[in-house]
Amino acid sequence: MLDIITRKHEKRRGFIKSIRDSLPLSWAKRALYGPVYRWTHNIRFTMVATYIAVTLITLVLMCVYVIGVLSENLYSEKTTILYSKANIISQTAAEDWISGDDDLMNLRIGAIIDHQLAGTNVRGVVTNVSYTVLYDNNNEANMNKKVFMRNVLKRALDGEQADSSIDADSGKTISVSVPIEKDGEIVGGVYLSENVSSISDTIGTIRKSLIVFSVLIIFIIGLMSIAASFIVTQPITEFISVAKSISKGDFSKRAKVKGMREIAQMGEALNFMCDELNALDAKRKNFVSDVSHELKTPMAGIKLLCDSLVEADHPDIATIREFLGDMSEEIDRLTRLINRLLTLSRLDAGAELSVSEVDISALLEGVVRSLDNIANEKNISLSSERNESETGLVAVDYDKIYECVYNLVENGIKYTPEGGSVIARTKYINNECIIEVEDNGPGIPDNEKTKIFDRFYRLDDSRARDTGGTGLGLAITKEAVLLHNGTIRVEDAPGGGSIFIITLPV
Ligand code: ADP
């Protein structure tokens, strides 16, 4: 997994480097991959930038929508009012309409318009079908009896109600036009226009307030997101520093377990990893020193024997033989130790199990047969018990389980005084195959019952060495049993001595 991540990272770095090298201008390289890139390419900047960007987009959309809806409402309300006034004027004018007498119409329509538009700043113009103004209430630009052409008016004289929301010239007026109909015939048109700069001013003021409000919100969100990004990244920075210490071989540092749940869990996991690595490192150091110590003893013995032979003036052949015999024994001890270390390292590396269906009782009988001579030499009664009604086959690696049972039975013979007994037996309980090796030797004190499975651990160091023990037999047995998902423990035997119990899943 780590490999894949590293490879991906290297690939990306290579890609960035190739782009960087292919860029022609040094300022462009600096801009893209210089301090700005480093400064922006981190969680804090990304978090703050994301928060601000999201807020900014939301506020802009909100402002555009609010301003849009507001102006739409205000303008259409104004247009509706103008239409209703224009319609009233049109209907009243139609009732009083006399074609051909413009002066009379000027008076009549003037009275209507002045009445309808009193108190407003609406300009009102009424024309006949040939666009000649019959009345215009704007005294400054008085168009009476002149031709008054407007697009909206033209459309009204064509028979439709027309409006142009914003006058193209000023950008601040709304104009509407409606036809005047008498006896089903269009006889003229009403044109009303109103200056709506107050609406634009209102919208402008609201727009300014919204912008100030948005800037304030972005400022607050910016501050909050900076604080949040610090809260999130502070522990990560600390984790990185702890991880760096680990990579340098310093397992003493621990991360603070606090803050948000996931972050705290991350800290816990990191600390747990530190503890495990620490324990592993201590184990490794102990193991190396134990191995050196174990190798040193036979080597020193061999060296001493060699020196004695070299320094002896005229050693007789019997002495030479005796010394060489002792050397051979030391070499045997070394070989045994090295073989056991190799076995252990293979088990540590997660050796493959070559599983087959094994009759465990038969396996026990085989072990007993092969150790029978050694037991006889010590006058120890060695036997195996097979429960005929409960025999069965168990899927295990034959060689590994054989070695486990061999170690236990050999230990039984080794540590039981002359005249004692060692029994190996199998039981099947609840889908488990139980192998027991019982002896009536010295037994194992309660506080040592778990320690004896540690590497190089011996109860009585000198006695165990004298019996040729390496202190690795039980460690190898435990590793092999664990590889089979089994368990191993030692208990006191009922009649004194100990029972080693291996449990294997069937
Ligand atoms: P060794 O090669 O020294 O026997 P082991 O790992 O097999 O190493 O055993 C570890 C220690 O456990 C031994 O040194 C011995 O002190 C103790 N031990 C093992 N088996 C027995 C036993 N059956 N009775 C008493 N002590 C035992």
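The preceding data block contains the structure.
Engineer: What's the story with the overall build of the chain in this structure? I'm lost.
Structural biologist: Within the chain, the secondary structure is distributed over 13 helices and 12 strands. Long-range pairs, those at least 24 residues apart, make up 63% of the contacts in the chain with a sequence separation of at least 6. As displayed, the chain offers around 30000 Å² of accessible surface, 58% of which is attributable to carbon and sulfur atoms.

Engineer: Would you mind going over the packing of aromatic side chains with me for this structure?
Structural biologist: In this description, a pair of aromatic rings is defined by centroid distance and the angle of the planes. Inspection of the entire model under this criterion finds five aromatic pairs. Their ring planes at 65° and their centres at 5.0 Å tell us that Phe148 and Tyr191 sit as a pair that is edge-to-face. Linking Phe148 in the loop between β2 (133-136) and α6 (151-157) with Tyr191 in strand β5 (residues 185-195), this pair joins segments that are 43 residues apart in sequence. Across this residue pair, the class does not change: Phe148 and Tyr191 are buried. Members of the aromatic cluster, joined through ring pairs, are Tyr398, Tyr402 and Tyr406. If you follow Arg44 out to its NZ or CZ, it ends over the ring of Phe230, 3.9 Å from the centre. Arg455 extends its terminal NZ or CZ atom over the ring of Phe287, reaching a point 5.6 Å from the ring centre.

Engineer: Sorry, what's going on with unusual backbone geometry here?
Structural biologist: One non-glycine residue, Lys145, lies in the positive phi region at around 65°. Relative to the elements of secondary structure, Lys145 occurs in the loop between β2 and α6. Of note in the backbone geometry, Asn485 takes a positive phi value of approximately 60° without being a glycine. Among the secondary structure elements, Asn485 is positioned in the loop between α13 (473-483) and β11 (487-492). Among the residues examined, Asn485 registers a relative accessible area of 65% and is labelled exposed.

Engineer: What's the story with the environment of Ile98 in this structure? I'm lost.
Structural biologist: Position of Ile98 relative to the elements: it lies in the loop between α4 (43-95) and α5 (102-116). Classification of Ile98 as partly exposed rests on a relative accessible area of 32%. Counting along the chain gives 84 residues from Ile98 to Lys182, while the straight-line C-alpha distance between them is 9.7 Å. If we ignore the near neighbours within four places in the chain, the residues touching Ile98 are Leu104, Met105 and Arg108.

Engineer: Would you mind going over helix α9 (residues 317-348) with me for this structure?
Structural biologist: Along an α-helix, residues three or four positions apart point the same way, because every turn accommodates 3.6 residues. The end-to-end C-alpha separation of α9 is 46 Å, in line with the 46 Å expected for 32 residues at 1.5 Å each. Elements in contact with the buried residues of α9: α8 (261-311), α11 (398-415) and α13. Of the residues flanking the start of α9, the one acting as N-cap is Asp316, its side-chain oxygen 3.1 Å from the backbone nitrogen of Ala318. Within two residues after α9, Gly350 carries a phi angle of roughly 75°, on the positive side.

Engineer: Explain the side chain of Thr503 here, please?
Structural biologist: Take Thr503: it is sitting in strand β12 (residues 498-505). If sequence neighbours within four positions are ignored, Thr503 has contacts with Glu432, Cys433, Ile434, Gly486, Thr487 and Arg489.

Engineer: Help me understand the environment of Arg369, please; the structure alone is not making it clear to me.
Structural biologist: As for its placement among the helices and strands, Arg369 is situated in helix α10 (residues 360-377). Sequence separation of Arg369 and Leu382 is 13 residues, and the distance between their C-alpha atoms is 9.0 Å.

About the thresholds
Residues numbered from 1 in each chain as written. Predicted model: local features only at pLDDT ≥ 70, side-chain atom pairs only at ≥ 80, totals over all residues. Heavy atoms only, no water. Helix = DSSP H or I, 4+ residues; strand = E, 2+ residues; numbered from the N terminus. Contact = heavy atoms within 4.5 Å. Areas by Shrake-Rupley, 256 points an atom, 1.4 Å probe, with all protein chains shown as cover. Phe/Tyr/Trp six-rings, centres within 6.5 Å; stacked < 30°, edge-to-face > 60°. Buried < 20%, exposed > 50% of the residue type's maximum accessible area, 1.4 Å probe, protein only. Lys NZ or Arg CZ within 6 Å of the ring centre and 35° of its normal. Expected span 1.5 Å × (residues − 1). Polar contact = N/O pair within 3.5 Å; in protein donor to acceptor, adjacent residues only side chain to side chain.

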